[in-house]
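Spelled out from the first residue to the last, the chains are:
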Amino acid sequence: MMEKRKPWAEPYKIKVVEPVKMTTREYREKAIEEAGYNTFLLRSEDVYIDLLTDSGTNAMSDYQWAGMMLGDEAYAGSKNYYYLEDNVRKYYGYKYLVPTHQGRGAEHMLSQTVIKKGQFVAGNMYFTTTRLHQELAGGKFVDVIIDEAHDPDAIHPFKGNVDLDKFEKLIKEKGAENIAYITVGAPVNMAGGQPVSMENMKQVHALAKKHNIMVVLDATRNMENAYFIQQREKGYENKTVAEIHKEFCSYSDAATMSGKKDLLVNIGGFVACNDYDLFQKLRNMVVVYEGLHTYGGLAGRDMEAMARGMEEALQEENISFRVKQVKYFSDLLEEENIPIVKPAGGHAIFLNARKFYDHIPQDEFPAQKLAADLYVDSGVRGMERGIVSAGRNPETGDHNRPKLELVRLTFPRRVYTQAHLDVAAYSVIELYKKRHQAKGLRMVYEPPYLRFFQARFEVIK
Ligand code: PM9
């Protein structure tokens, strides 16, 4: 039995509500079949508790909404841009800012600007959009994360760490001049939201600098990473999350950022850097693909909300509640021995579909099916993070077969209560009891890029 914990609650109260629809099992069976057993293809109004993603699904505060009314929608030189620039300097520490409509806009521009065809790009596990943009720019992604990250049961406080030996081996084998940069994602989304330690980041930076290799931070959820450092790394227990976050960024040369996560908004992102020449190139590119360099595809009001979100997200009570809520959910599942990636990450719980549906081979998409079955059971929507998300090897055309075959249940910030979490956990536990009845899937439609968004499946009878 779990120890009785001291109660804690949301550091906010509810001012506006959005009703959610309850549906019948028959209704959901039809809906998922029509969606080709892909939870991305469901209509959101058919979902009861939406744990698909924490991306752009956050609830904004009254302070942010008030800021929306202060949008300066001038084509050039919006005051909201300058406020955002000030806050990026203050909280992230980078000198130069180029706003983008979301994270992949930043990834696109950075990849196209920095990667030369045939170069390698190192990273602590792939992320779908990040790797695709690196490949589209002619780069070859090489995973240099520690081995523990590929094992759902391995317990490690910083399971997202870069394996310095793997990184050094890559430099020796390929030559530093053939490595465009190393991307450090912190925490590592595809590994289960696993953090990177400050010590590791410092070492990565030192090794990269020795070989004149650029360090790019995927800062998308870096505030959650800073919270884990505060909780787990010696020497940081008395520092604020804001201080830790800024120090972490200081060991990188540039960052790509999806503001749709940490920054508590529905849209927005940026690329930031310290090198003026790189900034000039990015600033020139943004006008081709996103919009003028003082709005980058965003409305002035969106930049204002993002700048204000930065201030709120770094408040200790907000970030600690965020991560504790995820831990609460993971404790409910662990109590019933549900196979999940351990330890709990910062933004989501990842069900280990390989173990959950151990009778379904990976080529029959067990995680895809588990996400569909969970929706049918209770209207809870999660996301496949396994063989479908991993896509195909661009050289051989075969499926990439990741060791991690997972379903992610992700928690939008400030959206769901503990009661919603109880309902979702109950459904997972009930589904686990009847797991042996589940059948695998066959893919019947596969788009060429980021197939997990639009692929369609049928149940193998
Ligand atoms: N992440 C997520 O749900 C949304 C789309 S992929 C299903 O986790 C990282 C670490 C991310 C991320 C998006 C992006 C791209 C970059 N890095 O979605 O383009 O988690 O704003 O950001 C998603 P955008």
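In what follows, the structure referred to is the one given above.
Predicted model only: the values in this text are computed from it and were never measured.

A. How the structure looks around the overall build of the chain. In terms of helices and strands, the chain carries 16 helices and 14 strands. Scaling as 2.2 N^0.38, a compact globule of 461 residues should have a C-alpha radius of gyration of about 23 Å, and the chain matches this with 21 Å. Overall, the C-alpha framework of the chain stretches about 60 × 55 × 45 Å when taken along its three principal axes. Taking all 461 residues of the chain together, 60% fall into the buried category.

B. How the structure looks around the site of the ligand. The local shell around the ligand holds 20 residues, among which Thr 53, Asp 218, Ser 258, Lys 261 and Arg 408 are the closest. Between the ligand and Asn 189 there is a distance of 2.9 Å, counted from an oxygen atom to a side-chain nitrogen or oxygen. For the ligand, whose accessible area on its own is 520 Å², the fraction buried by protein is 96%. Elements supplying a minimum of two residues to the shell around the ligand: helix H4 (103-114) and strand E11 (383-385).

C. Highlighting a nonpolar patch on the surface. On the surface, Val 287, Val 288 and Tyr 289 cluster together into a nonpolar patch covering about 300 Å² of accessible area. Looking at the element boundaries, Tyr 289 is found in helix H10 (residues 276-289). On the accessibility criterion, Tyr 289 (49% relative accessible area) is partly exposed.

D. Geometry of empty space enclosed by the protein. In the structure shown here, the tally under the stated rule is three cavities of 30 Å³ or more. Put simply, the largest cavity is a space of about 160 Å³. Around the largest cavity sit 15 residues that line it, and Leu 264, Asn 318, Arg 322, Arg 413 and Arg 414 are the ones nearest its centre. When residues of the lining of the largest cavity are assigned to their parent elements, the largest contribution, five residues, is made by helix H12 (residues 316-335). If you add up the space inside the second largest cavity, you get close to 60 Å³.

E. Local environment of the environment of Leu 136. Relative to the helices and strands, Leu 136 is located in helix H5 (residues 128-136). Remark: the alpha-carbon pair of Leu 136 and Gln 112, spanning 24 residues in sequence, is separated by 8.2 Å. Dropping the residues within four chain positions of it, Leu 136 is found in contact with Gln 112 and Tyr 449.

F. Local environment of the sheet that holds strand E12 (residues 406-410). One open sheet holds the three strands; their spatial order is E9-E12-E11, and the pairing between them is antiparallel. One side of each edge strand has no neighbouring strand; the edge strands of this open sheet are strand E9 (348-352) and E11. Averaged over all neighbouring strand pairs, the angle between strand axes comes to 35°, with direction disregarded. As judged from the three bridges shared by E11 and E12, these two strands associate in the antiparallel manner. Opposite Arg 385, over in E12, you have Leu 406 as the bridge partner. Contacting E9 and E12, H12 runs over the sheet at an angle of about 25° to E9.

G. Summary view of the sheet that holds strand E6 (residues 214-218). In spatial order, the strands read E2-E8-E7-E6-E5-E3-E4; together these seven strands make up an open sheet with mixed pairing. Whereas interior strands pair on both sides, the edge strands pair on one side only; in this sheet they are strand E2 (96-100) and strand E4 (140-143). Strand-to-strand twist in this sheet, taken as the mean axis angle between neighbours without regard to direction, amounts to 20°. Examined bridge by bridge, strand E5 (residues 179-185) and E6 share five bridges and lie parallel to one another. Residue pairing for E6: Thr 183 is matched across the bridge by Val 216. Against the sheet, helix H3 (residues 79-91) engages E2 and strand E8 (269-273), with an angle of about 125° to E2.

H. The arrangement of the environment of Lys 324 in detail. Mapped onto the elements, Lys 324 comes out in helix H12. As a C-alpha pair, Lys 324 and Trp 8 span 316 residues in sequence and 9.4 Å in three-dimensional space. Once residues lying within four places of it in the same chain are set aside, the contact partners of Lys 324 are Trp 8 and Tyr 227.

I. Summary view of the nonpolar core. If you look at the biggest cluster of nonpolar residues, it comprises 75 residues, and the most contacted ones within it are Tyr 92, Met 125, Phe 167, Ile 182, Leu 217, Phe 270 and Met 310. For this core, the element with the most residues is helix H11 (residues 300-313), which contributes six residues. Ignoring anything within four residues of it in the chain, the contact list for Met 310 reads Leu 84, Asn 87, Val 88, Tyr 91, Tyr 92, Met 223, Leu 263 and Phe 270. Ile 340, Phe 356, Ala 367 and Ala 371 belong to the second-largest nonpolar core, a separate cluster that totals 34 residues.

Conventions used here
- Residues numbered from 1 in each chain as written.
- Predicted model: local features only at pLDDT ≥ 70, side-chain atom pairs only at ≥ 80, totals over all residues.
- Heavy atoms only, no water.
- Helix = DSSP H or I, 4+ residues; strand = E, 2+ residues; numbered from the N terminus.
- Rg over C-alpha atoms; globule rule 2.2 N^0.38 Å.
- Buried < 20%, exposed > 50% of the residue type's maximum accessible area, 1.4 Å probe, protein only.
- Near = heavy atom within 4 Å.
- Polar contact = N/O pair within 3.5 Å; in protein donor to acceptor, adjacent residues only side chain to side chain.
- Areas by Shrake-Rupley, 256 points an atom, 1.4 Å probe, with all protein chains shown as cover.
- Patch = residues over 30% accessible without salt bridge, like charges linked within 9 Å, V, L, I, M, F, W, Y side chains within 5 Å.
- Salt bridge = Lys/Arg side-chain N within 4 Å of Asp/Glu carboxyl O.
- 1 Å grid on protein atoms, 1.4 Å probe; cavity = no way out; pocket = protein on both sides within 12 Å on 5 of 7 lines; lining within 4 Å.
- Points joined across faces, edges and corners; volume = space filled by probe spheres on them.
- Contact = heavy atoms within 4.5 Å.
- Pairing = 2+ DSSP bridges.
- Axes fitted to C-alpha atoms, helices over the stretch in contact; angles between N-to-C directions.
- Core = buried A, V, L, I, M, F, W, Y, C linked by side-chain atoms within 4.5 Å.

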